[in-house]
Every structure is written in C-alpha cells, then in structure tokens.
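Descriptive structure summary
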Amino acid sequence: MIRQENGVFCVETRNTGYYIAPRGPLAEQLHYGRKIRPSAEVLRQPVAVAYGTDVIYDKETDPNLSLLHLGLELSPTEKGDFRRGALNLTLGNGSRVCDLRFAGAEILPQPPETPGLPTARESGECLVLRFESGEGVLAELCYIPFEDCDVILRQLRLTNRTDGPVTLHRAMSYQLDLPRQDLLLTTLNGAWAREFEPSTTPVRPGLTAFGSVSGTSSHYCNPFFALSAPDTGEHTGEIYGFNLIYSGSHGASVEMDCYGFTRVMAGIQEEGFGWTLQPGECFVTPQAVLTFSGEGRNGLRYNMHRFVTGHILPPRWREEPRPVLVNNWEATYFDFTPRKLKALAAKAAGLGAELFVLDDGWFGRRTDDTRGLGDFDPNPKKLPGGLTGLADELENRNLAFGIWVEPEMVSVDSALYETHPDWAVSSPGVSPSFGRNQLVLDLCREEVRQYLIDQLNHLLDSAPICYVKWDMNRHHTDRFSPVLPEQGRFAHVWTMGLYQVLEAVTVSHADVLFEGCASGGNRFDLGILCYMPQIWLSDDTDAWERCKIQTWASLGYPQGTMGCHVSAAPNHQTLRFTPLDSRFDVAAFGLLGYELDVTKLNAAQEKSIKAQIAFYKEHRDLFQKGRFYCLNAPQADKGGAWMVVSQDRRLAAVLEMTGLVRPNTSMPVIRLTGLDETLTYQVSVRPQSVELDSFRTLLNHVSPVKLRADGMLVHLAGEVYQLPCEQLEFTAAGDLLMYAGLRPPQRFSGTGYTDGVRPMPDFSARIWMLSAL
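What you see is a predicted model; the values in this text were computed from it and never measured. (Residues numbered from 1 in each chain as written. Predicted model: local features only at pLDDT ≥ 70, side-chain atom pairs only at ≥ 80, totals over all residues. Heavy atoms only, no water.)

1. Things to note about the layout of surface pockets
Operational definition: A pocket here means an open set of points on a 1 Å grid, computed over the protein atoms alone, that has protein on both sides within 12 Å along at least five of seven lines. A cavity is instead a set of points where a 1.4 Å probe fits but cannot get out; residues with an atom within 4 Å of a point line either one. Grid points are joined across faces, edges and corners, and a volume is the space filled by probe spheres set on the points. In DSSP terms, a helix is any run of H or I states spanning at least four residues, a strand is any run of E spanning at least two, and both are numbered starting from the N terminus. All amino acids are sorted into three groups, where Ala, Val, Leu, Ile, Met, Phe, Trp, Tyr, Cys and Pro are nonpolar, Asp, Glu, Lys and Arg are charged, and the leftover types, Gly among them, are polar.
By volume, the largest pocket is sized at about 850 Å³. Among the secondary structure elements, those contributing two or more residues to the lining of the largest pocket are α2 (296–312), α13 (620–625) and β31 (627–635). At six residues, the largest contribution of residues to the lining of the largest pocket is made by α2. Among the residues making up the lining of the largest pocket, the classes are represented as 10 nonpolar, 11 polar and 12 charged.

Here is the structure:
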C-alpha cells in the first residue's frame, strides 16, 4: 500500500513501513521497520544549530542544515554529504557536482519497465520520487511494496536531459539511512564447495564494502546480506534483509557515520564500471529487495521465501512438484558408455527415481574438460542412437530425460572456436587466462547470443528433454568486447546478454525444468531464479557441509529452490564417511537427487534408497513447500536442527543432526516451532538403519556368535543386512512440543546397545515426523 499522509510518503506492507518526507529540496528518510503511524514533525532529525566543520547545504533553505545530519533517500553529489552516496557521475563539462533536488512524486499503478533486466512478478503500485539538477539530470527513485511478504523493492532510474554526455561511475539501486548504530552485519561468503559461509560482525565506524568482481553473483560473496540487532536469534529480534535481482558482479556497503546513522547501499559493482549516457538516454539499475522482521532470522526467512516463491520463480513452476532424479556425474564423470548408461538407468528406475540426468561429456569432442565446449552435437560413440535413442530407453523405464549444458563457455579445442575464435572474450594483444581449460563467450555480441539461442532451441527440440542442468564453470577475466563503445559497460552488458538468452530459451520451452548451476553455488541469485526455478546449491555433497550450506542459504532462498543430492561415501569432496540414511535426511530438505553409482549398491543399500525415495514422494509437498525454520544452526560440537511445517500446521518434519559426537553427554531438548498448540500430534522417527561397518569390533558385544570384524562373514552380512535404528512413536500436544520440547533418546556411548539407545556416530541424522490427530 502506498499513500501520502500529512506530508509523509508511506510505503507499507502488512507488517512493515517505509516513511519519507520532503525537507525543502531533499527527501528525508524517516523510518523503515515495523509499521507505524508516522508523524513528520516527530520523526524529522532535529538540526537547530550547525556544528563546527559542517558544510551548509543551502543557506536560503536552512542556514543550519548539513547533509551529514540527515537520513537521505538520495544525496546531491559534492555538496557536503561525505558518506558514500548512491551516485557518482561526471557531467559533460567535467564537473562531478550534481545538485539533485526533490522535484515531486507520483504513485503509478505499475512500476516502470526495466528493459533487459529480470524483475519481480505480479507487482502492484509504485511510488516514484523525482529529483532534478539544474543541468538537466533526472533521477527517479522507485519503491514497490509487496504486502503479502513484507518486502519492498527499490530501484534507481537516471536520465540525461543535459546537452552533453553524463558518465556514471557508480549507480546503486538504493541508499538507505537507518538511524541506529548497534547493528550486526551478516554476509554469506565462501568459495567453491564451501558456499554460504556466514560472517557476522558488529558494524563499526567507517565504511565496510563487500561484493563480487568475478562476473557472477559469486560464491565469494552472495548478494544477500542482513543487518540485525545484537539480541537477534532464530526466533526473536529485529533483522533487515537485502538482496538484488541480479546475477552479475555486484557491490554493497554499510557505513556507520559520526551522527547516529548507518547507511546501506547495494547495486552493480562499481569497480571497472563506467557508463556514458548521451542526451536523452536512460540507465536503470537492477531491482533491490529490502525486508524487515521483528521475529528473528526465521521471520526473515519467511518473508524472503514467500517473496521468492510468489514473485520471482516462473509461474509455471511455483506449485509443480519437482522430480526425484539420478545424475550420472559422480558415477562416471566423463568415462561412460552406452552400456553403462543403460545399467544406471535400469537401476535408477528400480529404485523409484523419476528423472535420469546425463551430465557432462555427451557432445562433440568432450572426452575431458579440455575440449568440446561450444559444440552441441551428440558424440556418436557414447550415444550411438543419439539423444532420442537414450530418451526412448529411459521412457521405456518410465524415466524422464534430463541433460547437462554449459552454453556460455568455449574450449579452444572445439569446432566453434576453430570457426569463430573472435567470439571468445580476450583483450587485444594479451593472451587470455584460462579457467577450467576454457574461455568465456562474448555475450555482448548479438551474433553470439543468437548462436546460443538457436543451438539450445534446436537441442531441446531434437529429443524429449524434460530437464536441463545449465552449468557455468568459469569466472570472467580479460574483459573486453570490440562491440562496446566503452569497456566499463562490459560486465553489465554481458549479464544482460545472458538474460536475453535465458529469456528466449526458457520461454520457448516453458515446460522444460531448468536448473541453474555454476560450479555449484557460484551464481545462486534471484536473477537466475527468475528464469530457472531451482539451482544446484554446491558441488560439495557431504551431509555435514550441506547441513551448514543449506542452513545459511535459507536466509535468502527457500529450500524448494535448492538442488540437494545423496552421494557416495566416503564423500568425493571431503573424504568423510556419513551414514547413507543421514545423507538422505539432509538432502530431503530440498530437491532430492542421487549422484552416486547406483549400479554398485549392495542389497542393503538398495533397500534403504528405495525406502528413502518412497518416503520423500509421500511427503514431497511438505519438504519442498513447507515453511522452513532453523531450530539450531549447525555447530561442530552441538549439531543442528531444522523444521518444515505445512501451511495448515497439521504436518511437520524435523531434522536432527549431530556434529562431532562426545560420549556420555546429555541430549539437548529440541524446542519445536510453528505448530498449532491446540492440536495433538502423532510423533515418530523415520525408520532407518546403520551399516554393520559402523560397529566393527563392537559387533561381538551385540552378536551371540563371536565374529571377526574384518572377516568375510561380516562383509557378506553387511551386503544384505543393516542394523535397524530405534523406533519411536508417541503422541504429544503442540504446546508441549513447542514450549517444553522434544527429548531425543540416549545416544550409544560404548555400553548398553538396546532398543531405546540410538546409534548416532559423527555427522549422523534423524527425521522426526509429526502428524496432527
């Protein structure tokens, strides 16, 4: 809802409000947070006397007013606001002074169009604040509320109405001044295979800048970040969340000033950015997402998850159940044959999978990662019947067909590069650097974009392909494109070129399920999710690492967007062994897949996986669409716990995961949340088992016959039999489970292995199911 009341512009959602008031030629930020009944007179920053070194902005307007003492929606440049501002530009006469003054406001029924960039869907009215400089620069600030999810979008539009060029050096999507200085900053950093590592630090005086310069939203620093009060936890406390609907290099900053404000900004990465507007031209920033919750991190999750599901994901896929898949990558890597693929498909179908995904290595010269990228013709040795032959084989087994592509890259050893070496990004006179033995295609060029659109559309029309894993394994370097008038445009134009390709291909094949991937979570962002309703979260499939990654990714993204696979043990990234059932327990809280050689499973493992898939299908809606809560963020010495609850609060699932086990310790109570306290719930533990290998020499303490732990008898027994874990079932009231808590049984600690004792080695897990009576 947008309204103007007593001189205050009010942008409100169900629980939050953003309030702005003109102050002469300025727009003063009065309050953003809980919805209030605003009073400009009470909320205005009092400035009666200028301080010693203050620069007075406009003596005629107010002889004591310095920009430093106000919360500002937009700062005039070089006029005394010595904090970093949203704009940094140069006018045609060489001046960097741009006195942008408030010139009016308008409430539009729909936001202005944003050509070339993805935007939130089903938006309503939009408040536009206009600022003009004497030279003719027009800045428009857009505010778009989403009442149902307590989100407000911000965006900046800049138009050159001067008689000369205007060059942008920085154009952030928003500038927000919060009148408090007790906040904690949480960013989500990391690297390949350890994405979404949280870093939480107090905001200190001065500027803290962070972001990505790699050409993608990046695993180094996700565009989502949060600011929270010191006492904020999972369930309580005030917290602000910020994100961008953008997939390229981005930048953000948090700046504590000397007069009680904390300024927050985010947008296109300014390093290397330069964009000259000729007279009449306009530049539009990506949409930025702002949200606030007074209910801690889980309240923030709820806002962001509703927004992403309701206003970012393609409508075709919002409610569609996602299939259980088997991917051949870690089973074969590049080394697969028609016989091996048939064997994998047969086993996948027998386990209950619904989709078989053929990963890298199926096309052109692609026998390893040094060749083949850029070409799309199936390799006749690996696929003698072509893609249709494999698709027919899968259809006969009731499996849908999915395929891997990496369209944005090119190998030097490829037909495409041999024909068009100039299509690879490189700078004149400089040998390009390689990443994963490949180069980046120049998506700034129309002919490159059209080639990819044509090739991908032809590929998807050539066989009954139902799913595409769209990968990208290369950061951007050597950035130069001969088609650009200035190279400071490269990163942004390249990103918009990617969006043009994504739009063309996904619209032409709306019934194909696309999954984004970029060496895992190197491009996990709202821009990609506008075209692809799910993203491969990380190449690290270790259950404990995934528990951490999924926990912190959930701050900004719903679990129904996260590709989560069960892989082999020891894990291919960590060499850690975790129980098969525990690997499933973690992966179930996302979009389930299997990425291991299913032809090498023994009878006991096959039985377990069949049961896992059947269980997941039975509760698929709950796991993919339920409201997600983090009960306890995972810590090595304490483990972690999650929960998903159905919309009607009659069904719930709880993940309990151990970290490093300490013997002979008490089990902490798990306090649940989100239930209906008036209902009574049937509570049970998902039936699961533990490998005989977990006990080794301890087997002689539970077996009536003395056994050799490393002998053939134990090995053969483990092929067909696993030890069942505890089985529990009871009823409990919702208020009891939330306010008194769930009390897990004892863990095995070297003695007393009985029905009531749980074998839970390091990094093992359980799923508790709750169903209202």
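Having seen the model, we can carry on.
2. Digging into the side chain of Thr658
Stated formally: Polar contact is the term for a pair of N or O atoms within 3.5 Å; when the atoms are in protein, one must be able to donate a hydrogen and the other to accept it, and sequence-neighboring residues count only if both atoms are side-chain atoms. In this description, contact between two residues means that some pair of their heavy atoms is separated by no more than 4.5 Å.
Residue position: Thr658 is located in the loop between β33 (651–657) and β34 (680–685). Within the local environment of Thr658, its side chain forms a polar contact with the backbone oxygen of Pro761, the two atoms lying 3.2 Å apart. A distance of 3.1 Å separates a polar atom in the side chain of Thr658 from the backbone nitrogen of Phe763. In contact with Thr658, other than residues within four places in its own chain, are Trp544, Gly639, Arg747, Met760, Pro761, Asp762, Phe763 and Ser764.

3. Here's the deal with the sheet that holds strand β28 (residues 534–536)
The criterion, for reference: Strand pairing follows a simple DSSP-based rule, namely that at least 2 bridges must link the two strands. A fitted line through C-alpha atoms serves as each axis, taken over the contacting stretch for helices, and the angle formed by two N-to-C directions is quoted from 0 to 180°.
Read once around its circumference, the closed barrel built from eight strands follows the order β21-β22-β23-β26-β27-β28-β29-β30, with strand pairing classed as parallel. The sheet shows a mean angle of 30° between the axes of neighbouring strands, direction not considered. Of the pairings in the sheet, the one linking strand β22 (residues 355–358) to strand β23 (residues 400–405) comprises four bridges and is parallel in character. Within β23, the residue paired with Phe356 across the bridge is Phe401. Sheet strands touched by helix α5 (residues 386–396): β22, β23 and β26 (465–470). Its angle to β23, the strand with the most contacts, is close to 140°. In the packing of helix α11 (residues 580–587) onto the sheet, contacts are made with β29 (562–567) and β30 (591–595), and the angle to β29 comes to roughly 175°.

4. Description of the packing of aromatic side chains
Counted only if it meets this: Side-chain rings of Phe, Tyr and Trp (the six-membered ring for Trp) are treated as a pair once their centres are within 6.5 Å; stacked means planes under 30 degrees apart, edge-to-face means over 60, and tilted covers the remaining angles. In this scheme, a residue with accessible area under 20% of its type's maximum is buried, one over 50% is exposed, and one in between is partly exposed, where area comes from a 1.4 Å probe on protein chains only.
For the structure shown, the criterion picks out 30 aromatic pairs. Note on Tyr18 and Tyr32: the rings are 5.2 Å apart at their centroids and 35° apart in plane angle, and the pair reads as tilted. Taken together, the residues span a long stretch of sequence, with Tyr18 in strand β3 (residues 16–23) and Tyr32 in strand β4 (residues 26–34) at a distance of 14 residues. Since its relative accessible area comes to 0%, Tyr18 is described here as buried. Exposure remark for Tyr32: the relative accessible area of 3% places this residue in the buried category. Judged by centre distance (5.5 Å) and plane angle (65°), the ring pair of Phe589 and Trp642 falls under edge-to-face. Remark: Trp642 occurs in strand β32 (residues 639–645) and Phe589 occurs in the loop between α11 and β30; sequence separation between them is 53 residues.

5. Remarks on the nonpolar core
If you look at soluble globular proteins, the nonpolar side chains tend to sit buried side by side. The condition that has to hold: For the purposes of this section, nonpolar cores are sets of buried Ala, Val, Leu, Ile, Met, Phe, Trp, Tyr and Cys residues that join through side-chain atoms within 4.5 Å.
Within the largest apolar cluster, 191 residues are counted, with the highest numbers of intra-cluster contacts made by Phe307 and Trp362. Ranked by residues supplied to this core, first place goes to helix α8 (residues 490–508) with eight residues. With sequence-adjacent residues up to four places away left out, Trp362 is seen in contact with Phe336, Phe376, Asp377, Pro378, Asn379, Leu383, Leu387, Ile403, Trp404, Val405 and Leu459. Core analysis: the next-biggest nonpolar cluster, separate from the first, contains 21 residues, Ala641, Val683, Leu737 and Met738 among them.

6. Brief notes about the sheet that holds β33
With respect to topology, six strands assemble into an open sheet ordered β31-β32-β33-β38-β34-β37, the strand pairing being antiparallel. The two strands at the open ends of the sheet, each matched to only one other strand, are β31 and β37 (729–733). The mean inter-strand angle of the sheet, taken between neighbouring strand axes irrespective of direction, is 20°. Seen against the sheet, α11 touches β32, β33 and β38 (765–772) and runs at an angle of roughly 50° to β38.

7. Focus: the state of the cysteines
Counted only if it meets this: Note on terminology: pairs of cysteine sulfur atoms within 2.5 Å are recorded as disulfides.
Scanning all chains against the criterion turns up zero disulfides. With no disulfide of its own, Cys10 lies 16 Å from the sulfur of Cys126, the closest cysteine sulfur.

8. Describing the pattern of salt bridges
What counts here: Throughout this description, the term salt bridge denotes a Lys or Arg side-chain nitrogen within 4 Å of a carboxyl oxygen of Asp or Glu.
The full count for this structure, using the stated rule, is 52 salt bridges. Note that Glu106 is salt-bridged to Arg130, the shortest N-O span being 2.8 Å. Pair noted here: Glu106 is in strand β6 (residues 101–108) and Arg130 is in strand β7 (residues 126–132), with a separation of 24 residues, a long-range link. For Glu106, a relative accessible area of 34% corresponds to the partly exposed category. Here the salt bridges share partners, and the residues they tie into one network are Asp81, Arg83, Asp177, Asp257 and Arg263.

9. Digging into the environment of Ser771
Positionally, Ser771 belongs in strand β38. Under the relative-accessibility criterion, Ser771 is labelled partly exposed at 31%. Between the alpha carbons of Ser771 and Tyr681 there is a distance of 5.2 Å; along the sequence they are 90 residues apart. In contact with Ser771, other than residues within four places in its own chain, are Arg650, Leu651, Thr680, Tyr681 and Gln682.

10. Looking at the pairing of strand β20 (residues 288–293)
The element β20 is extensively covered by neighbouring structure, given that six of its six residues are classed as buried. Burial along β20 is two-sided: Ala288, Leu290 and Phe292 facing one way and Val289, Thr291 and Ser293 facing the other are all buried. Bridge count between strand β9 (residues 151–160) and β20: four bridges; the pairing is antiparallel. Note on β20: the bridge partner recorded for Val151 is Thr291. As paired strands, strand β15 (residues 239–244) and β20 are joined by six bridges and run antiparallel to one another. By the bridge assignment for β20, Gly241 is matched with Thr291.

11. Observations concerning the packing of helix α4 (residues 338–351) against helix α12 (residues 603–618)
Filter applied, for reference: In this scheme, roughly parallel covers angles under 35 degrees and roughly antiparallel covers those over 145, while 65 to 115 is roughly perpendicular and the rest are oblique.
Two elements in contact, α4 and α12, have axes whose closest approach is 9 Å; the angle formed by their N-to-C orientations is 60°. Classed by the angle they form, the pair α4 and α12 counts as oblique. Packed against α4, whose contacting residues are Lys347, Gly350 and Leu351, the element α12 presents Glu606, Ile609, Lys610 and Ile613 at the interface. Among the residues making up the contact of α4 with α12, the classes are represented as three nonpolar, one polar and three charged.

12. Points about the environment of Ala331
Inspection of the secondary structure assignment puts Ala331 in helix α3 (residues 329–332). Sequence separation between Ala331 and Arg365 is 34 residues; the distance between their C-alpha atoms is 20 Å.

13. Looking at empty space enclosed by the protein
Taken as a whole and assessed by the stated rule, the structure comprises six cavities of 30 Å³ or more. Quantified by volume, the largest cavity comes out at close to 70 Å³. As for the largest cavity, its lining consists of Trp362, Phe363, Leu373, Gly374, Asp375, Phe376, Trp404, Val405, Glu406 and Pro407. Partitioning the lining of the largest cavity into residue classes produces seven nonpolar, one polar and two charged.

14. Considering α5
Think of an α-helix as 3.6 residues a turn; residues three or four steps apart then line up on the same face. Along α5, the residues that are buried comprise Gly386, Leu387, Leu390, Ala391, Glu393 and Leu394. Along its buried surface, α5 packs onto α4, β22, β23, α7 (446–462) and β26.

15. What to know about unusual backbone geometry
Going from Ala569 to Pro570, the amide bond is cis rather than trans, its omega being 0°. With respect to the helices, strands and loops of the structure, Pro570 is situated in the loop between β29 and α11. Although it is not a glycine, Ala193 sits at a positive phi angle of roughly 70°. Topologically, Ala193 is positioned in the loop between β11 (184–191) and β12 (194–202). Phi is positive for Ser519, which is not a glycine, with a value near 50°. Examined against the element boundaries, Ser519 turns out to sit in the loop between β27 (513–516) and α9 (526–529).

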